[in-house]
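Reading the structure
The primary structure of each chain is shown beneath.
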Amino acid sequence: MKVIKFGGSSLASATQLKKVFKIVQSDPERRFVVVSAPGKRNAEDTKVTDALIKYYKEYTSGQDVSASQDWIINRYQDMADELGFDAKSIAKIAKSIRELASLPIEDNDFLYDAFLAAGEDNNAKLIAEYFTHQGLSARYIHPKKAGIFVSAEPGNARILSSSYDRIEELRNSDEVLVIPGFFGVTEDNQICTFSRGGSDITGSIIAAGVKADLYENFTDVDGIFAAHPGIIHNPHSIKELTYREMRELAYAGFSVLHDEALLPAYRGRIPLVIKNTNNPDHPGTRIVLKHTGETCPVVGIAADDDFVSINTSKYLMNREVGFGRKLLQVLEDLNIRWEHMPTGIDDLSLVLRSRELTPIKEEEILRQLNHSLEVDKAEIEHDLSIIMIVGENMKNHVGVAATATAALSERNINLAMISQGASEVSVIFVVKTEQRNQALQALYDAFFRN
Ligand code: ASP
């Protein structure tokens with residue numbers, strides 16, 4: 001039994017919907033279809049979710065909403081027309097889009113979510129009808145009926161663990177169920193969405209709930225590339241990743257899948273595969289609990305920008321009990337999160353995302369380091385990037401870091417810092433952002449091309 005989720009680009013037009021139908025129909029195990037709202041048909045187009053945001057803003061600021069309503073309704077109508085069938089659901093879709101503009105504005109924390117959720121909800125209705133029209137026994141099901149109950153956190157809902165038992169009952173359905181992604185209902189019956197891109201989360205929840213054998217996540221690329229295709233020319237796509245590796249890569253900018261989507265499938269021990277709607281015969285990338293065979297020590301290389309480093313030096317720092325705690329206290333008092341802590345004998349650096357700092361906070365940190373912690377040197381270094389080589393199998397190989405550092409030094413790339421956790425799933429190199437592309441290229445060539 002498989003749960004299959006399609007992203008917005010796979011559902012943007014009739015051409016795409018025909019591919020989606022073929023994919024679903026070609027495998028009787030594909031019993032649960034989770035859908036996003038229609039995405040962009042071309043680079044200039046607007047996603048239906050973004051059109052709904054515009055509609056929401058017009059409504060809440062008292063502007064005329066009719067053009068937005070018509071545009072959104074026409075998106076669905078056009079798809080039905082192009083698919084060549086007289087969709088009965090269009091009348092219901094139009095009604096539900098227009099009725100959004102009669103929901104109460106005052107004291108309504110869930111209004112924005114109700115607008116946004118309409119994108120996926122109506123798409124699921126249309127798609128279920130299209131599938132039925134094509135002769136597949138399929139049915140739309142609202143998340144409330146499906147049992148997706150969530151916490152009352154608008155725009156950031158979390159699944160309630162009590163939902164899973166109800167979701168499991170969906171296994172008994174003998175029709176293909178088409179489920180709108182991205183939202184659930186609170187116990188008080190309010191529509192509440194996950195964070196943006198959250199249809200992936202719904203797919204993962206359903207997969208865990210129905211105890212699926214596989215969660216297939218269809219998008220518009222051949223799986224997850226081993227490095228960013230915008231930097232590396234034609235990178236290969238990864239055949240198999242563990243959840244652990246995926247988590248590490250996602251941390252540093254691998255964003256094919258929503259971050260939070262991994263958790264329910266991981267906990268439910270459901271393997272996941274990322275596939276391409278436009279190239280469904282490509283095996284894509286499987287995400288598994290444990291590697292199933294031989295793998296290279298490094299499976300992927302990620303790069304992420306906008307890091308800063310707070311560097312401190314103090315003679316005989318290692319003898320001073322409590323220095324680290326005091327340093328971290330300075331950040332905690334300013335409500336600053338940090339990410340990595342490389343150390344030397346008398347040096348300690350904290351690497352953090354630059355969004356954590358403001359000029360005022362920087363000044364205050366330096367003031368406290370110099371006056372309360374009495375360091376010999378304190379500085380804040382900007383414009384840093386991290387490059388991460390990731391692979392669970394690294395721990396069984398000697399010389400991975402040596403290969404990496406040799407490759408970087410050959411290209412004359414200065415390493416500001418190196419950091420590796422005890423679990424040896426990844427090694428992080430900190431470089432100046434201006435050298436990020438070169439560093440990524442050097443590592444990609446060293447591990448995958450040479
Ligand atoms: N339509 C929603 C968004 O654009 C959710 C999703 O596509 O997964 O964020």
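Residues numbered from 1 in each chain as written. Predicted model: local features only at pLDDT ≥ 70, side-chain atom pairs only at ≥ 80, totals over all residues. Heavy atoms only, no water.

Focus: the overall build of the chain
Scanning the chain from N- to C-terminus turns up 14 helices and 15 strands. The globule rule puts the C-alpha radius of gyration for 450 residues at 22 Å, and the 25 Å found for the chain is close to it. Expressed as lengths along the three principal axes of its C-alpha atoms, the size of the chain is roughly 75 × 55 × 40 Å. Within the chain, buried positions represent 54% of all 450 residues. Expressed as a percentage of contacts within the chain between residues at least 6 apart in sequence, the contacts between residues at least 24 apart total 75%. Accessible surface computed for the chain: about 20700 Å², of which carbon and sulfur atoms make up 47%. (Helix = DSSP H or I, 4+ residues; strand = E, 2+ residues; numbered from the N terminus. Rg over C-alpha atoms; globule rule 2.2 N^0.38 Å. Buried < 20%, exposed > 50% of the residue type's maximum accessible area, 1.4 Å probe, protein only. Contact = heavy atoms within 4.5 Å. Areas by Shrake-Rupley, 256 points an atom, 1.4 Å probe, with all protein chains shown as cover.)

Quick word on the pattern of salt bridges
Pairs can form between side chains of opposite charge whenever their charged atoms are close. The full count for this structure, using the stated rule, is 21 salt bridges. The closest approach of N and O atoms between E99 and K95, which form a salt bridge, is 3.3 Å. In this pair, E99 and K95 are both assigned in helix α4 (residues 89–99), four residues apart and thus about one turn of the helix distant. Across the salt bridge formed by E320 and K326, the nearest N and O atoms sit 3.6 Å from each other. Residues joined in a network through salt bridges with shared partners are D304, E339 and R353. (Salt bridge = Lys/Arg side-chain N within 4 Å of Asp/Glu carboxyl O.)

A look at α4
What α4 keeps buried is the set S89, I90, I93, A94 and I97. Seen end-on, α4 carries its buried residues on one side only, within an arc spanning 140°. Those residues of α4 that are exposed and angled more than 90 degrees off the buried face are A91, K92 and K95. Buried residues belonging to α4 abut α2 (48–60), α3 (66–83) and α5 (111–133). (Arc of directions from axis to C-beta.)

Topic: the site of the ligand
Lining the immediate surroundings of the ligand are S36, K47, T49, E120, F182, R196, G197, G198 and S199. Separating an oxygen atom of the ligand from a side-chain N or O atom of K47 is a distance of 3.0 Å. Contacts to the ligand include G197, whose backbone N or O atom sits 2.7 Å from an oxygen atom. (Near = heavy atom within 4 Å. Polar contact = N/O pair within 3.5 Å; in protein donor to acceptor, adjacent residues only side chain to side chain.)

A word on the UniProt feature "binding site: ATP" (unreviewed entry) in the chain
When the UniProt feature table is mapped to this numbering, "binding site: ATP" (unreviewed entry) covers K5, F6, G7, G8, T219 and D220. Taken along the chain, the residues just named run across 216 residues; in space they keep tight, none of their C-alpha pairs more than 12.1 Å apart. Examined against the element boundaries, K5 turns out to sit in strand β1 (residues 2–6). Assessed through its relative accessible area of 5%, K5 is described here as buried. Once residues lying within four places of it in the same chain are set aside, the contact partners of K5 are V34, S36, S199, D200, Y215, E216, N217 and F218. (UniProt positions renumbered as here; feature names shortened; annotations may be inferred.)

Quick notes on the UniProt feature "binding site: substrate" (unreviewed entry) in the chain
Annotation from UniProt places "binding site: substrate" (unreviewed entry) at T49 and E120. What stands out for the annotated residues spanning 72 residues is how close their C-alpha atoms remain, the widest pair being 8.3 Å apart. Within the fold, T49 resides in helix α2. Of the residues examined, T49 reaches a relative accessible area of 6% and is grouped as buried. The residues contacting T49, other than those within four sequence positions of it, are A37, L116, E120, F182 and R196. Judged by its relative accessible area of 3%, E120 is buried. Setting aside its immediate chain neighbours within four residues, E120 contacts V35, S36, A37, T49, P180, G181, F182 and S199.

Examining the packing of α3 against α5
Helix packing geometry: the angle between the two helix axes and the distance between the axes. Look at α3 against α5: their axes get within 11 Å of each other, and the N-to-C directions meet at 15°. Regarding the angle of α3 to α5, the classification is roughly parallel. In terms of crossing hand, the pair formed by α3 and α5 is right-handed. Contacts between α3 and α5 involve Y76, M79, A80 and L83 on the former and, on the latter, A118, G119, N122, N123, L126 and Y130. For the contact of α3 with α5, the per-class residue count stands at seven nonpolar, three polar and no charged. (Axes fitted to C-alpha atoms, helices over the stretch in contact; angles between N-to-C directions. Parallel < 35°, antiparallel > 145°, perpendicular 65-115°, else oblique. Left-handed = near helix turned anticlockwise from the far one by under 90°. Nonpolar A, V, L, I, M, F, W, Y, C, P; charged D, E, K, R; others polar.)

Considerations on the nonpolar core
Within the largest apolar cluster, 76 residues are counted, with the highest numbers of intra-cluster contacts made by I206, I287 and I389. Counting residues per element, this core draws most heavily on helix α14 (residues 436–449), at seven residues. Contacts of I389, omitting those with residues within four sequence positions, involve V298, G300, I301, M394, V400, A404, V425, S426, V427, F429, L443 and F447. If you look at the next biggest cluster of nonpolar residues, it comprises 46 residues, including L11, A80, I127 and A128. (Core = buried A, V, L, I, M, F, W, Y, C linked by side-chain atoms within 4.5 Å.)

Description of the packing of helix α1 (residues 14–25) against α3
At a minimum axis distance of 9 Å, the contact between α1 and α3 shows a crossing angle of 65°. Taken together, the axis directions place α1 and α3 in an arrangement best described as roughly perpendicular. In terms of crossing hand, the pair formed by α1 and α3 is right-handed. Between α1, through A14, L17 and K18, and α3, the contact on the second element is made entirely by M79, E82 and L83. Broken down by class, the residue content of the contact of α1 with α3 amounts to four nonpolar, no polar and two charged.

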